[in-house]
Protein chains: 2
Amino acid sequence: MTSEELLKQYNDWKFRLSVYEMALSIIEIDKLTVAPVAGASYRDERTAFLAGEHFSIMTDEASLNVVKELKESAEDPDIRKEAETYYREIMKIVSIPKEDYVAFQRARDASYDAWVAAREADDYSIYEPHLKSMIEWSRKLYRYRDCNLPLYDQMLDDFEPGMNTAAYDRFFESIKEKLLPFIQKVIEAKPIDESFLYESCDTAKQKAWTKQILLPYLRFDKDWGFQNETEHPFTSWTCENDCRTTTRYFENNVTSSVFSTIHETGHAWYEHNISPKYDGTILSTGVSSGMHESQSRFCENYLGRSLPFWQANYRSLQETFPDVFENISLEQFYRAINASKRSLIRTEADELTYPIHILIRYEIEKGLFSGSISTEHLDETWNEIYQKYLGVHADRASDGILQDVHWSDASFGYFPTYALGSAFAAQFFHAMKQQMDVDAALRENRYIDCIYWLKDHIHQYGARYSADEIMVMATGEPFNPNYYLDYLIEKYSRLYSISL
Amino acid sequence: MTSEELLKQYNDWKFRLSVYEMALSIIEIDKLTVAPVAGASYRDERTAFLAGEHFSIMTDEASLNVVKELKESAEDPDIRKEAETYYREIMKIVSIPKEDYVAFQRARDASYDAWVAAREADDYSIYEPHLKSMIEWSRKLYRYRDCNLPLYDQMLDDFEPGMNTAAYDRFFESIKEKLLPFIQKVIEAKPIDESFLYESCDTAKQKAWTKQILLPYLRFDKDWGFQNETEHPFTSWTCENDCRTTTRYFENNVTSSVFSTIHETGHAWYEHNISPKYDGTILSTGVSSGMHESQSRFCENYLGRSLPFWQANYRSLQETFPDVFENISLEQFYRAINASKRSLIRTEADELTYPIHILIRYEIEKGLFSGSISTEHLDETWNEIYQKYLGVHADRASDGILQDVHWSDASFGYFPTYALGSAFAAQFFHAMKQQMDVDAALRENRYIDCIYWLKDHIHQYGARYSADEIMVMATGEPFNPNYYLDYLIEKYSRLYSISL
């Protein structure tokens, strides 16, 4: 084959892959947002077929040879990297029999449906057999891989290339060692009043404020992005100019949707800002889950929970809900949205205790795959571990084991990247502040300047460089979790007047 | 091949077709409701590929032989009918080269995008080249068919099997002959005051009323149906338990969304009520466009614009918008929602002048394909014909030529079925009233009883029987347009106190 023919075959193959990826992505967005539940089994069966077609294209032998050749011999380093990345992903699934792959997709859809039903009924037993099935499926599918690493290490590596149990153990050890005693001090300090955040705010007005004030401030543009509503907020995308996010509104928790909106649009900005030259290829996506979370949590916490952010936005919130906020000063509001407490819900947790929620999930995942924890009575196990680390107990399963969607679709190994991403973000924040006046940008309605910094240093590359490489390029040094620990301890010492 | 093998092949083939149909349907729903416009070209290119895959499966030679054999030799008459129907559809496209088919899909998506842009800019010239292209594409694609009928007759037959220009000419002649002079009398009669319908009604409250009162009254259930919002309301579906509708809200036209909601849920009920034994097959859809429109317009007009419907619903509307309706009696409201006038917008037209809007489109379509009308200055031609029949002139192209989506996706021959459907509905209404107390059902919150009648007599069959067969089964006689003309003249004589 001439190199021209080779490239043509390769491009055709990539295009076909991207077709099925787009279709599966839109069908999933539809399923998670608006699709009527009674039609789920009809759709799921057909979606599984499409996933099977994607699998067939991905693992097709002739194309595999093309990819193999290009990863070694392509002149363009972008194409070499692209082909390498495809090759790595193909190798993960190439030995799985297609029937198994399709059956897994179907089981996964059924598991998600069961999770939704279990939440509605607030009954873990509806979900338990499906969770068990997802674990068994994962074991089965990973067994086909030509890899000697322990199962959970493979899973961790899938979401965060290069990471494994040993590295996460070290990371979480430092969190346990430095944060747990500090959290104890915060708990013993004078509590910050945040009760007003839970007063009634009409959800229609919340929506209107989000649409008219918040999204424009974040520069989330409906030409390339759309925000919908779902029980569990998420972000999804088909190409640079098509990023979908969702949020949810609670009458008695007005800032919940605010921070989920800032968080999810952070994900969306990452995808939107990737160089269009990677569109339709495997490089046109965030490089790892940790890096993706670093961007969303950067926006949510490092920007969104800062005083300057609210110097720009608090007045309009006050005007929208005068009954609640009229007599609350900006400073009081800022302290309230950062108040730390022992809480049940991960997505609602403050920055300080957030990594503990992740630590808990990490320990459970490790236990589920080492066999020391069983899905049976996992709702109770969950509560025991929450009691141990955070001193809280979920009376309703939907506030405990059923709160997160991730395990329902077999995304084991994903959670730890949330804490890692928060830690990445601290290091980026440190670097950004040395190069620009972040506070002024937020205060002066130039949130976009922060986004441009992220685009220049992180987003544009997509998956062209590894997370490690991007970290060094953006901050001048390898990942160092101390930025994160220092940031949290400094911020919360100030908030709670704790002398170190 | 044994008959078992034959059936297995056939079922596999049907399943694969249904997979691509579902994917294309969901992608289209997404496109029409929420997908960000800047991502359109990326998505459209890939959607065209999927349409091409559907085409390949549909026209695959081996499968064609299976279908051919089954339509002749299957024991089960349902399967014979099914195979016959597939065969008819395959024959329509089998000779089209796949490149042409895919290029057409792409052109069609681009044409829709141009229509949206043209409406926004209120500028026909943006749309004109695409409309021209859709006509040229239609000519080109139909030329591949092995059919000697005139082009426009083929198009009419595609939407309404059995219909052609001669039959529609007769139908519209009777409308012209009987209705036009009657409309003249109505115009000269004392006008009905309907000005209050155009007073300001908060759209958020309209939405809430639709969700809390109207949709529950119509028994449109979110388990199997979802209502979204779009510029141009439509209904779409993937299976019996997945029907999507849309509506649009106007602050200064509160009943617009009400009647579009009743109309679109009428389509949705048809699809939902088709026997699940046809799910995933070509028989699991309304038998013709006219039959589909007969169901939506039945619900919208014969039920929704009746006095008993509003005996059940008017009070809650009054309570929602007291400023507007407090001093308007039920009788006044009923007369207002049926007021007849020369109007510009088809979807907002009253029942009496509605067929004239269709007649106009029918004459333009005939002219476009006979060559007597050109796309050039069609905005002006449009106005001339509107002037002639309805005495009105659209100052904005979006109130004229740009108001309908249909031609943008090459659905030529579709419009006439709207008038035909209205006429079908009159005959069904006549039959239904002889068998049940429709007024009591509507008044007593048993709208569903009317739906059950439609299900028993029409919906359940899907495309198992022809429109003609269903008409005879449901009403005891072949289609007779006099039911329609009599209904309109009787209703409007009463409303306008015209003695015949």
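Peer 1: Give a detailed account of the overall build of chain A, specifying residues and quantitative values.
Peer 2: Along the backbone of chain A there are 21 helices and three strands. C-alpha atoms of chain A, sized along the principal axes, occupy 75 × 50 × 45 Å. Of the contacts formed within chain A by residues at least 6 apart in sequence, a portion of 73% connects residues at least 24 apart. For chain A, the accessible surface area stands at approximately 20000 Å², while carbon and sulfur atoms represent 47% of it. Separation between the mean location of the 52 positive side-chain charges and that of the 80 negative ones in chain A comes to 1 Å.

Peer 1: Any details on the interface of chain A and chain B? Residues and values, ideally.
Peer 2: In this complex, chain A contributes 38 residues to the contact, which on the side of chain B involves 38 residues. Interface area for chain A against chain B, summed over the two sides, is near 3200 Å², with a carbon-plus-sulfur share of 71%. The partner of Asp-242 of chain A in a salt bridge is Arg-43 of chain B, and the shortest N-O contact between them spans 2.6 Å. Joining chain A to chain B, the criterion identifies 13 residue pairs in polar contact (both at pLDDT 80 or more). For the side of chain A that touches chain B, the secondary-structure elements that each account for two or more residues are helix H1 (3-33), helix H2 (40-59), strand E1 (225-229), strand E2 (235-239) and strand E3 (242-247) of chain A. Counting residues per element, the side of chain A that touches chain B draws most heavily on H1 of chain A, at 10 residues. Broken down by class, the residue content of the side of chain A that touches chain B amounts to 19 nonpolar, eight polar and 11 charged.

Peer 1: Could you give an account of the packing of aromatic side chains, with specific residues and numbers?
Peer 2: In this structure the tally under the stated criterion is 86 aromatic pairs over all chains. One cation-aromatic arrangement involves Arg-46 of chain A over Tyr-42 of chain A; the distance from NZ or CZ to the ring centre is 3.6 Å. Sitting over the ring of Phe-259 of chain B, Arg-305 of chain B keeps its end group 3.8 Å from the ring centre.

Peer 1: Lay out the pattern of salt bridges with the relevant residues and their values.
Peer 2: All names here are of chain A. Under the defined criterion, the tally for this structure stands at 70 salt bridges over all chains. In this structure, the salt-bridge partner of Arg-119 is Glu-231, at a minimum N-O distance of 2.5 Å. Separated by 112 residues along the polypeptide, Arg-119 in helix H5 (residues 98-121) and Glu-231 in the loop between E1 and E2 bring together distant segments of the chain. The exposure class of Arg-119 is buried, given its relative accessible area of 16%.

Peer 1: Kindly report on the relation of the copies chain A and chain B, identifying the contributing residues and their values.
Peer 2: Two copies of the chain are present, and they differ by a rotation about an axis and a shift along that axis. For these two chains of identical sequence, chain A goes onto chain B by a turn of 180° and a shift of 0.0 Å along the axis, with RMSD 0.0 Å. Within this description, the copies of the chain are treated as partners about a two-fold rotation axis. Taking C-alpha positions as the reference, the residue of chain A nearest the rotation axis is Ala-23 of chain A, at 3.3 Å. Of the interface residues in chain A, 100% have counterparts in chain B that sit at the interface too, so the contact is made through matching surfaces.

Peer 1: Can you break down the pairing of strand E2 (residues 235-239) of chain B residue by residue, with the values?
Peer 2: Residues and elements named next belong to chain B. In terms of residue burial, E2 counts as a mostly covered element, since four of its five residues are buried. By the bridge criterion, four bridges tie E2 to strand E3 (residues 242-247) in an arrangement that is antiparallel. Paired with Trp-237 across the strands is Cys-243, a residue of E3. Counted between consecutive antiparallel strands, the loop separating E2 from E3 contains two residues.

Peer 1: Residue-level account of the domain arrangement of chain A, with values.
Peer 2: Often the size quoted for an interface is simply the accessible area lost on bringing the parts together. Residue and element names in this part refer to chain A. Split into domains, chain A comes out as domain 1 (3-145) and domain 2 (165-495). Centre-to-centre, using C-alpha coordinates, domain 1 lies 27 Å away from domain 2. The interface of domain 1 with domain 2 comprises 34 residues on the first partner and 40 residues on the second. Where domain 1 abuts domain 2, roughly 3200 Å² becomes buried across the two surfaces, and 61% of that area is made up of carbon and sulfur atoms. Remark: the boundary between domain 1 and domain 2 carries four salt bridges. The closest approach of N and O atoms between Arg-396 and Asp-122, which form a salt bridge, is 3.8 Å. Put simply, domain 1 and domain 2 have 17 residue pairs in polar contact (both at pLDDT 80 or more) between them. Contributing elements (two or more residues each) for the side of domain 1 that touches domain 2: H1, helix H4 (77-93), H5 and helix H6 (124-143). If you tally residues by element for the side of domain 1 that touches domain 2, the top one is H6, at nine residues.

Peer 1: Let's hear about helix H7 (residues 151-159) of chain B: which residues, and what values?
Peer 2: Here H7 of chain B lies mainly inside the structure; seven of its nine residues are buried. Of all the residues in H7 of chain B, the buried ones are Leu-151, Tyr-152, Asp-153, Gln-154, Met-155, Leu-156 and Phe-159 of chain B.

Peer 1: Kindly report on the environment of Thr-247 of chain B, identifying the contributing residues and their values.
Peer 2: All names here are of chain B. Tracing the backbone shows Thr-247 in strand E3. Residues Thr-247 and Pro-233, 14 residues apart in the sequence, show an inter-C-alpha distance of 4.7 Å. If near-sequence neighbours (up to four positions away) are discounted, Thr-247 is found in contact with Gln-227, Asn-228, Glu-229, Thr-230, Pro-233, Ser-257, Ser-260 and Thr-261. A polar side-chain atom of Thr-247 sits 2.5 Å from a polar atom in the side chain of Ser-260.

Peer 1: Any chance you could break down the environment of Ser-111 of chain A for me, citing the residues and the numbers?
Peer 2: Residue and element names in this part refer to chain A. Inspection of the secondary structure assignment puts Ser-111 in helix H5. Residue classification places Ser-111 among the buried residues on the basis of a relative accessible area of 0%. Taking the C-alpha atoms as reference points, Ser-111 and Ser-95, separated by 16 residues in sequence, lie 24 Å from one another. Every residue in contact with Ser-111, bar those within four places of it in the chain, is listed here: Tyr-127, His-130, Met-134 and Ser-408.

Cut-offs used in this document
Residues numbered from 1 in each chain as written. Chains lettered and ligands numbered in written order. Predicted model: local features only at pLDDT ≥ 70, side-chain atom pairs only at ≥ 80, totals over all residues. Heavy atoms only, no water. Helix = DSSP H or I, 4+ residues; strand = E, 2+ residues; numbered from the N terminus. Contact = heavy atoms within 4.5 Å. Areas by Shrake-Rupley, 256 points an atom, 1.4 Å probe, with all protein chains shown as cover. Lys, Arg positive; Asp, Glu negative; His and termini not counted. Charge placed at Lys NZ, Arg CZ, Asp CG, Glu CD. Buried area = accessible area lost by both parts, 1.4 Å probe. Salt bridge = Lys/Arg side-chain N within 4 Å of Asp/Glu carboxyl O. Polar contact = N/O pair within 3.5 Å; in protein donor to acceptor, adjacent residues only side chain to side chain. Nonpolar A, V, L, I, M, F, W, Y, C, P; charged D, E, K, R; others polar. Phe/Tyr/Trp six-rings, centres within 6.5 Å; stacked < 30°, edge-to-face > 60°. Lys NZ or Arg CZ within 6 Å of the ring centre and 35° of its normal. Buried < 20%, exposed > 50% of the residue type's maximum accessible area, 1.4 Å probe, protein only. Least-squares fit on C-alpha atoms with pLDDT ≥ 70 in both. Pairing = 2+ DSSP bridges. Domains from an automatic or database assignment.

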